[in-house]
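The residues making up each chain are set out below.
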Amino acid sequence: RYSESSQRADCTYEYPTSAMEAIEAAKKMLKTCWEEHALAYQNEIHRLEEAEKAVQDRLEKLNAKKKEMAEAHGNVDVSDDELVEINAGGKVIIARRATLTQIKGTRLEAIFSGRWDNRLQRDHKCLIFLDV
């Protein structure tokens, strides 16, 4: 039987002098530890929600900028079913816009998304010209 204290995982444990005191001390320690972990969990949830909100805000700004660029340099009302005619090194290629933009984040998707249609180089027949 001891009457000294021990520090474990930020929870204080008093060494008991009887079995009942041991049970009560263990219950108290578990409750304290559980409350600390629950508070830490709630704080982490809050932090993650704030981070998610910040990412959502940045995404909204990016989408607004994307739309602004499309309005300034391209066509915001493009259709995935639209046929795009391309002069690729002298060979005419016709493809659906959806085919050219199906892999998001690629250069092809950026070029043929419609955001840059007014800025793309064209040949004498007004076909999109790619020097490949």
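Everything numeric in this text was worked out from a predicted model, so none of it was measured.

### Here we look at the pairing of strand β3 (residues 83-88)
Moving on, step 1. Summarising the sheet, β3 and strand β4 (residues 91-96) pair through six bridges and their orientation is antiparallel. Along β4, the bridge assignment pairs Ile86 with Ile93.
Moving on, step 2. What sits between the antiparallel neighbours β3 and β4 is a turn of two residues, in which Gly89 has the positive phi angle 60°.
Moving on, step 3. In the sheet, β3 pairs with strand β5 (residues 128-130) via three bridges, with the strands oriented parallel. Bridging across to β5, Ile86 finds its partner in Ile128.

### Some thoughts on the sheet that holds β4
Moving on, step 1. Within the open sheet, the three strands sit side by side as β4-β3-β5. Their pairing is mixed. Each edge of the open sheet carries a strand with a single partner, namely β4 and β5. Each neighbouring strand pair of the sheet contributes to a mean axis angle of 30°, computed without reference to strand direction.

### Let's talk about the side chain of Glu109
Moving on, step 1. Inspection of the secondary structure assignment puts Glu109 in helix α3 (residues 107-112).
Moving on, step 2. Aside from chain neighbours lying at most four places away, what touches Glu109 is Leu100, Thr101, Ile103, Lys104 and Arg115.

### What about the nonpolar core?
Moving on, step 1. Core analysis: the biggest nonpolar cluster contains eight residues, these being Val84, Ile86, Ala88, Ala95, Leu100, Phe112, Leu120 and Ile128.
Moving on, step 2. A total of three residues in this core trace back to one element, the largest contributor, which is β3.
Moving on, step 3. Ala95 has contacts with Glu82, Leu83, Val84 and Leu100, leaving out every residue within four places of it along the chain.

### Some remarks on a nonpolar patch on the surface
Moving on, step 1. A cluster of nonpolar side chains, contributed by Leu83, Val92 and Ile94, occupies part of the molecular surface with about 290 Å² of accessible area.
Moving on, step 2. Looking at where Leu83 falls in the secondary structure, it is placed in strand β3.

### Examining the confidence of the model for the protein chain
Moving on, step 1. Put simply, the protein chain has an average pLDDT of 86, and 88% of its residues get 70 or more.
Moving on, step 2. The weakest mean pLDDT in the protein chain belongs to strand β1 (residues 5-8) at 50; the strongest belongs to β4 at 94.
Moving on, step 3. Between residues 1-5, whose pLDDT stays under 50, and residues either more than four places distant or in other chains, the model counts 13 contacts.

### Some remarks on the environment of Asp117
Moving on, step 1. Here Asp117 is to be found in the loop between α3 and β5.
Moving on, step 2. With 41 residues separating them in the primary sequence, Asp117 and Val76 have C-alpha atoms 9.8 Å apart.
Moving on, step 3. Contact partners of Asp117, with chain neighbours within four places excluded, come to His73, Gly74, Asn75, Val78, Arg97, Ile111 and Arg122.

### Brief notes about the pattern of salt bridges
Moving on, step 1. Per the stated rule, a full pass over the model turns up six salt bridges.
Moving on, step 2. A salt bridge links Glu35 to Lys31; its shortest N-O distance comes to 4.0 Å. With Glu35 and Lys31 both in helix α1 (residues 19-73) and four residues apart, this pair spans about one turn of that helix.
Moving on, step 3. With a relative accessible area of 41%, Glu35 lands in the partly exposed category.
Moving on, step 4. Take Lys31: its relative accessible area is 53%, and that puts it in the exposed class.
Moving on, step 5. As a salt-bridge pair, Glu82 and Arg97 come within 3.2 Å of each other at their nearest N and O atoms. Placement of Glu82 in the loop between α1 and β3 and of Arg97 in helix α2 (residues 97-100) is noted, with a sequence separation of 15 residues between them.
Moving on, step 6. Residue Arg97 is classed as buried on the basis of its relative accessible area, which comes to 3%.
Moving on, step 7. Salt bridges here are not isolated pairs; linked through shared partners, they connect Glu82, Arg97 and Asp117.

Conventions used here
- Residues numbered from 1 in each chain as written.
- Predicted model: local features only at pLDDT ≥ 70, side-chain atom pairs only at ≥ 80, totals over all residues.
- Heavy atoms only, no water.
- Pairing = 2+ DSSP bridges.
- Helix = DSSP H or I, 4+ residues; strand = E, 2+ residues; numbered from the N terminus.
- Axes fitted to C-alpha atoms, helices over the stretch in contact; angles between N-to-C directions.
- Contact = heavy atoms within 4.5 Å.
- Core = buried A, V, L, I, M, F, W, Y, C linked by side-chain atoms within 4.5 Å.
- Buried < 20%, exposed > 50% of the residue type's maximum accessible area, 1.4 Å probe, protein only.
- Patch = residues over 30% accessible without salt bridge, like charges linked within 9 Å, V, L, I, M, F, W, Y side chains within 5 Å.
- Areas by Shrake-Rupley, 256 points an atom, 1.4 Å probe, with all protein chains shown as cover.
- Salt bridge = Lys/Arg side-chain N within 4 Å of Asp/Glu carboxyl O.
- pLDDT = per-residue confidence, 0-100.

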